[in-house]
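# Fold and geometry: a report
The chain contents come next:
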Amino acid sequence: MLNRRTIPPEVPGGAFEPRIIAFFCNWCTYLAADLAGTSRMKYAPNIRVIRLMCSGRVDPQFVLKAFAEGADGVLIGGCHPGDCHYQEGNYKTLRRYLLLKRMLVQMGIEEDRFRLEWISAAEADHLRVAVNDMVEKVRALGPMNIEVVKSIQADAAGGELPELVPLTELSGGQEAPVHAR
Amino acid sequence: MPDKPKVAFYWCASCGGCEEAVLELDEKLLDVAAAVDIVFWPVALDFKRKDVEALPDKAILASFVNGAVRTSEQEEMAHLMRRKSQVLIAFGSCAQLGGIPGLANLFRREDILSAVYFDPPSMVNPDHVLPTVFSRSNGDKLELPVFQDRVRALDQVVDVDYYIPGCPPKPKIVWSAVETLLGATLPPKGAVLAPERALCDECPRKDTKPEKLSFTEFKRPHQVIADETICLLAQGLICMGPATRGGCDAPCIQGNMPCTGCGGPTPHVRDQGAKMLSALASLIEAKEPEEIERTLATIPDPVGSFYRYSLPASLLQAARSEQNRAA
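A separate point is the packing of helix H3 (residues 89-106) of chain A against helix H10 (residues 289-296) of chain B. Geometry of a packed helix pair, given as the angle between the helix axes and the separation of the axes. Close contact between H3(A) and H10(B) brings their axes to 10 Å; oriented N to C, the two are set at 50 degrees. As far as their axial angle goes, H10(B) and H3(A) are oblique. For the crossing formed where H3(A) meets H10(B), the hand is right-handed. Taken together, the residues of H10(B) that come into contact with H3(A) (itself represented by Leu94(A), Arg95(A), Leu98(A), Leu99(A) and Arg102(A)) are Pro289(B), Ile292(B), Glu293(B) and Leu296(B). Residues belonging to the contact of H3(A) with H10(B) are distributed by class as follows: six nonpolar, no polar and three charged.

Structure below.
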């Protein structure tokens, strides 16, 4: 069964620590992470790295599944445009990323929870900065809550919506007419 | 004469198209009626809920339930049909995946009630009266079903044995599913009773699909008069054929309209919308973010385009259902 317990929180019962799934390509970003490690760089310990041969291997289903199982953010790391080991893989990633992001926003998931970075094998510091920045942004957003459906109407109305009495509360035998306000 | 096997039909949140799909069997329906005893079919026969409740558990051989589940009444009926049936079949897109009513999950329940009872220009409701579960009229106590938070597919409410896809399922698929169910060996539980290939495989315009598709903009059906012989994707229309289970003989394509995905995902695909999004986005011609965004801007409603029939069953929304059930 899918549930957010699949990825255990960093500190049980403690302050919120974002859990971010990072898909890194074998040729660039994963090597950057490796370099950051051998260079003893310090960065936020909130990412769980999954190595793929190419960022183009990231099926949008992987991203959705990560969110569905409780990830607070998803980071994709690939080679710079033009540098893909497979020539075109990162361009396909970029296009999918941009469309998937539009769709996630429509589904009520904040933009900062989903990020794409081009990080070459030599750019360990870029990796450090990007991860730290993303962790802080996701920390500010709080835990991923897929229960929340963003209210398009409330947005349009500047957040002003009439208070409604939930029907479930009315089912206790209350007599009509019941007014919402 | 020994009892004929009992069969039931029920509808939840649906438009009635699935009921017509049963009638579309034409004279074959007479063969079905001769072979089985239809004990419940609200749209056509005068049996009531109490008649079903009076049956012993598992008395019905097979129940075909169409429509998504939104109200407490639909949920109760889903449980009742499950209890009384040996085999429960989710019939049509809404029961299988949540269907078009499932797109309502993009909005909060409060927004929907407001859009219906407060906002329409034709609505005069100064006291903001909403339907209530219990009310009184002329001394009679009236009860309405609860309008629940979200739309769910049938298997997010009760255990489902088989699925018949389509909006509505085509007669050919329905008949072959009935034959399968009446056959000597039943398919494995959870099977989708339809062919496994994607729609493109049986598309009459298959040969006109170019070797390499490429998009600079996407067009919507009302914006172009599509050529009646050429692959609709090649004409820039979003046709869900590559990500949709076929078996329907492509009636939409034959009507010169793109596939909208009612057949649901092909086998081994968990999330139809994500797969279609993936396929389509990677074929965009541009390489620069700004240019790509310009192309993407021609898809004004990604969720409605890629999850038209499958939003409640999508990876993200299904996780919400699991959370609800666990809570």
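Let us now look at helix H4 (residues 124-141) of chain A. Residue and element names in this part refer to chain A. Taking 1.5 Å of rise per residue, the 18 residues of H4 would be expected to cover 26 Å, and the 26 Å separating its terminal C-alpha atoms lies within 8% of that figure. Every buried residue of H4 is accounted for by Ala124, Leu127, Ala130, Val131, Met134, Val135 and Val138. Buried positions in H4, seen along its axis, are confined to an arc of 130 degrees and lie on one side of it. Against strand S1 (20-25), helix H1 (29-38), strand S2 (47-52), strand S3 (73-78) and strand S4 (114-118) lie the buried residues of H4.

Residues and elements named next belong to chain B. In terms of domains, chain B is made up of domain 1 (6-101 + 151-194), domain 2 (112-148) and domain 3 (199-320). Between the C-alpha centres of domain 1 and domain 3 the distance comes to 29 Å. Across the contact, 18 residues belong to domain 1 and 13 residues belong to domain 3. Listing elements by their share of the side of domain 1 that touches domain 3, those giving two or more residues are helix H5 (93-97), strand S8 (147-152) and helix H7 (171-182). In terms of residues, the side of domain 1 that touches domain 3 owes the most to one element, H5, which gives three residues. Residue composition of the side of domain 1 that touches domain 3, by class: nine nonpolar, six polar and three charged.

All names here are of chain A. The topology assignment puts Gly77 in strand S3. Since 29 C-beta atoms lie within 10 Å of it, Gly77 is described here as buried. Residues Gly77 and Val105 lie 28 residues apart in sequence; the distance between their C-alpha atoms is 20 Å.

Now for the sheet that holds S1(A). Residues and elements named next belong to chain A. Here four strands make up an open sheet; going across it, the order is S2-S1-S3-S4 and the pairing parallel. A strand with exactly one partner marks an edge of an open sheet, and here the two such strands are S2 and S4. Each strand of the sheet is rotated relative to its neighbour by a mean of 20 degrees, with strand direction disregarded. Where S1 meets S2, six bridges bridge the pair, whose relative direction is parallel. Note on S2: the bridge partner recorded for Phe24 is Arg51. Contacts from H1 reach S1, S2 and S3 within the one sheet, and its direction differs from that of S1 by about 110 degrees. Sheet strands in contact with H3 are S3 and S4, and its direction is about 160 degrees off that of S4.

Here we come to the sheet that holds strand S1 (residues 6-11) of chain B. Hydrogen bonds between backbone atoms are what pair the strands of a sheet, whose relative direction is either parallel or antiparallel. Residue and element names in this part refer to chain B. Reading across from one edge, S2-S1-S3-S5-S9 is the order of the five strands in this open sheet, with parallel pairing throughout. Every other strand in the sheet has two partners, leaving strand S2 (37-40) and strand S9 (162-164) as the edge strands with one partner each. Neighbour-to-neighbour, the strand axes of this sheet turn through a mean angle of 30 degrees, independent of strand direction. Of the strand pairs in this sheet, strand S5 (residues 85-91) and S9 are connected by three bridges, and their pairing is parallel. Counterpart to Ile89 in the pairing with S9 is Tyr162. Of the strands in this sheet, S1, strand S3 (60-66) and S5 touch helix H4 (residues 72-84), which is tilted by about 135 degrees from S5.

This brings us to unusual backbone geometry. When glycine is set aside, most residues are seen to have a negative phi, and most peptide bonds are trans. All names here are of chain B. Between Cys167 and the following residue, Pro168, the backbone shows a cis peptide bond with an omega angle of -10 degrees. A positive phi angle is found at Asp26, which is not glycine, with a value near 55 degrees. By secondary structure assignment, the location of Asp26 is in the loop between helix H1 (17-23) and helix H2 (28-35). Among the residues examined, Asp26 registers 9 C-beta atoms within 10 Å and is labelled exposed. The phi dihedral of Asn138 falls on the positive side, at around 50 degrees, and the residue is not glycine. Of note, Asn138 is situated in the loop between strand S6 (134-137) and strand S7 (140-143).

Cut-offs applied
Residues numbered from 1 in each chain as written. Chains lettered and ligands numbered in written order. Predicted model: local features only at pLDDT ≥ 70, side-chain atom pairs only at ≥ 80, totals over all residues. Axes fitted to C-alpha atoms, helices over the stretch in contact; angles between N-to-C directions. Helix = DSSP H or I, 4+ residues; strand = E, 2+ residues; numbered from the N terminus. Parallel < 35°, antiparallel > 145°, perpendicular 65-115°, else oblique. Left-handed = near helix turned anticlockwise from the far one by under 90°. Contact = placed C-beta atoms within 7 Å. Nonpolar A, V, L, I, M, F, W, Y, C, P; charged D, E, K, R; others polar. Expected span 1.5 Å × (residues − 1). Buried ≥ 20, exposed ≤ 12 C-beta atoms within 10 Å, placed from the backbone. Arc of directions from axis to C-beta. Domains from an automatic or database assignment. Pairing = 2+ DSSP bridges.

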